[in-house]
Amino acid sequence: MPECDEVMLTVRITAAERALLRRLAQSHRSDVSEVVADGLLDVLPMLHRPADAYRLLAALAPPAPCAQTVWLPAALTDLLVLAAARVAQLTGVRLGSASAILGAAVRLWLCQDPTRLEANLSVMHAGRKALAVA
């Protein structure tokens, strides 16, 4: 049986966060899954200090009534497992699933200024286009 390159996960977010994700995806001519992956690449590397880990946990506190299904590269979902272990190491709080750390990371990323999110995505997508042309 061949290995799957992508993993389907569900992220719990608010309606406003879901609308922002969709708007970001539309403005960058990509899909929501790609925007979520880009957001994770922006957020996960910063989980080195306890303060950052606690900020990530705080993103889980408000209710998130909407479910958004995303497809992520398997390697990125492996990073979610490592990030959850790092959060547990720094805070003593274990997140029960990859979807929980995904939700926290996406919500933490989306709480930034939307203009900054747009700019970061533009930089990421410009880099991809340059690699595709080369």
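Residues numbered from 1 in each chain as written. Predicted model: local features only at pLDDT ≥ 70, side-chain atom pairs only at ≥ 80, totals over all residues. Heavy atoms only, no water.

A look at the environment of Leu 76
For step 1, the next point in the chain: Here Leu 76 is to be found in helix 4 (residues 74–91).
For step 2, the next point in the chain: Relative accessible area serves as the criterion here: at 7%, Leu 76 is assigned to the buried category.
For step 3, the next point in the chain: A sequence separation of 70 residues divides Leu 76 from Glu 6, and the C-alpha atoms of the two residues are 9.0 Å apart.
For step 4, the next point in the chain: Aside from chain neighbours lying at most four places away, what touches Leu 76 is Ala 37, Leu 40 and Leu 41. (Helix = DSSP H or I, 4+ residues; strand = E, 2+ residues; numbered from the N terminus. Buried < 20%, exposed > 50% of the residue type's maximum accessible area, 1.4 Å probe, protein only. Contact = heavy atoms within 4.5 Å.)

With respect to the pairing of strand 2 (residues 66–73)
For step 1, the next point in the chain: The alternating pattern of strand 2 places Cys 66, Gln 68, Val 70 and Leu 72 on a buried face, while none of Ala 67, Thr 69, Trp 71 and Pro 73, on the opposite face, is buried.
For step 2, the next point in the chain: One ladder, built from eight bridges, connects strand 1 (residues 6–13) with strand 2; its direction is antiparallel. Within strand 2, the position partnered with Val 11 by the bridge is Gln 68. (Pairing = 2+ DSSP bridges.)

Let's talk about helix 1 (residues 15–27)
For step 1, the next point in the chain: Between its first and last C-alpha atoms helix 1 spans 18 Å; for 13 residues at 1.5 Å apiece the expected length is 18 Å, and the two agree.
For step 2, the next point in the chain: Looking one or two residues beyond helix 1, the residue adopting positive phi is Arg 29, at roughly 50 degrees. (Expected span 1.5 Å × (residues − 1).)

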